[in-house]
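# Results of the structural survey
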Amino acid sequence: MLRDEICSTSDVSFLMEAHDALSGAIAKRAGFKGLWASGLSIASSLGYRDANEASWTQLVDVVERIVDSTELPVLVDGDGGFGNFNNARLLARKLHQRGAAGIALEDSCFPKMNSFVGDRHSLADIDEFSGRLRAVKDTVAHDLVLVARIEALIAGYGMEEAILRASAYAAAGADAILIHSRKSTAEEILSFASAWHNCLPVVIVPTKYYRTPVSAYRDAGISTVIWANHSMRAAIAAMRHVCDRIASEEGVAGVEPNIATLDEVFELLRYDELAHAEARYLHLP
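Quick look at the structure, then. (Residues numbered from 1 in each chain as written. Predicted model: local features only at pLDDT ≥ 70, side-chain atom pairs only at ≥ 80, totals over all residues. Heavy atoms only, no water.)

## Points about the overall build of the protein chain
When helices and strands are counted, the protein chain shows 12 helices and eight strands. In summary, the protein chain has a C-alpha radius of gyration of 20 Å against a globular reference of 19 Å for 285 residues, a match within 12%. In terms of principal-axis extent, the alpha carbons of the protein chain reach across some 65 × 45 × 40 Å. Counting over 285 residues, the protein chain shows a buried share of 46%. For the protein chain, the share of sequence-separated contacts (at least 6 apart) that also reach a separation of at least 24 residues comes to 72%. (Helix = DSSP H or I, 4+ residues; strand = E, 2+ residues; numbered from the N terminus. Rg over C-alpha atoms; globule rule 2.2 N^0.38 Å. Buried < 20%, exposed > 50% of the residue type's maximum accessible area, 1.4 Å probe, protein only. Contact = heavy atoms within 4.5 Å.)

Rendered as structure tokens:
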């Protein structure tokens, strides 16, 4: 299903960020057909910074819960693979065991730093990172969609370097190319898409250039758009607002009309299914 989403040429597909089972279930309810297990969002939800502070085992555990709660295909933000080729292929194998549908690996050095923090972003050697991709491809073959994420524009290396790396990663077995940018407009991204000629499907993350209409991506032949961190950021804003009000008002009467009811929680997590199952299976004396 994820391969169909990312590699489809008929229209742009969309992946919604999920950082836990609850956010995954909400995204499914909204109608999304696939999910992005965001490294930033998962780290944030665990109280870590997006700098490889959360371990790969913690990432895998969260992904398992997302998969179990939604049954949607999940593309996992695998950072740089948490080390060399051996770490990357181990991560990919474990993600496949837990039900992930794909993994995105970025050509950064370990430990990585979030793409939007600071100006020091060291890139991995092209041949070394290509080896990571080949190791993952040899390990999971067609079981996981392999997306190669290029950080050349983030690091200020320019378009020529981005295209060079995309070509190398395609040769190493990537199924799609994720081109990343921290600019406030989509100019870099659209220029890359034009120069790349869809040699492989192009995936983008318009976190900073969010004002660009989706029609521009359709016209450019972009395959997939990832809304990469918005559920996590929305949760922070909502929880902060509610906590501030409860603290200042010393009560919850004022916030009750603006938060989910318990019945909505029970409905989202399918408590009715448990009741039906009890009626069928639980025969008490």
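Having put the structure on the table, let's press on.
## Here's the deal with the pairing of strand 4 (residues 102–106)
In terms of burial, strand 4 is largely enclosed, as five of its five residues are buried. Taking every second residue as pointing to the same face, both faces of strand 4 are buried, with G102, A104 and E106 on one and I103 and L105 on the other. Here three bridges tie strand 3 (residues 74–77) to strand 4, and the two strands are oriented parallel to one another. Looking at strand 4, one finds that V76 is bridged to I103. One crossover worth recording links strand 3 to the parallel strand 4 by way of helix 5 (residues 85–97), and it is right-handed. Strand direction decides the pairing type here: strand 4 and strand 5 (residues 145–150), joined by five bridges, are parallel. Across the sheet, residue I103 finds its bridge partner in strand 5, namely L146. Between the parallel pair strand 4 and strand 5, the chain is carried across by helix 6 (residues 126–140), and the sense of this crossover is right-handed. (Pairing = 2+ DSSP bridges. Right-handed = clockwise from strand over helix to strand, strands pointing away.)

## Details of the packing of aromatic side chains
By the definition in use, this model includes five aromatic pairs. Between K208 and the ring centre of F116, over which it is positioned, the NZ or CZ distance is 5.2 Å. (Phe/Tyr/Trp six-rings, centres within 6.5 Å; stacked < 30°, edge-to-face > 60°. Lys NZ or Arg CZ within 6 Å of the ring centre and 35° of its normal.)

## Some remarks on the packing of helix 6 against helix 7 (residues 159–171)
Look at helix 6 against helix 7: their axes get within 10 Å of each other, and the N-to-C directions meet at 35°. Judged by the twist between their axes, the crossing of helix 6 over helix 7 is right-handed. For the pair formed by helix 6 and helix 7, the contact residues are I126, F129, S130 and L133 on the first element and E161, L164, R165, A168 and Y169 on the second. In terms of residue class, the contact of helix 6 with helix 7 is built from six nonpolar, one polar and two charged. (Axes fitted to C-alpha atoms, helices over the stretch in contact; angles between N-to-C directions. Left-handed = near helix turned anticlockwise from the far one by under 90°. Nonpolar A, V, L, I, M, F, W, Y, C, P; charged D, E, K, R; others polar.)

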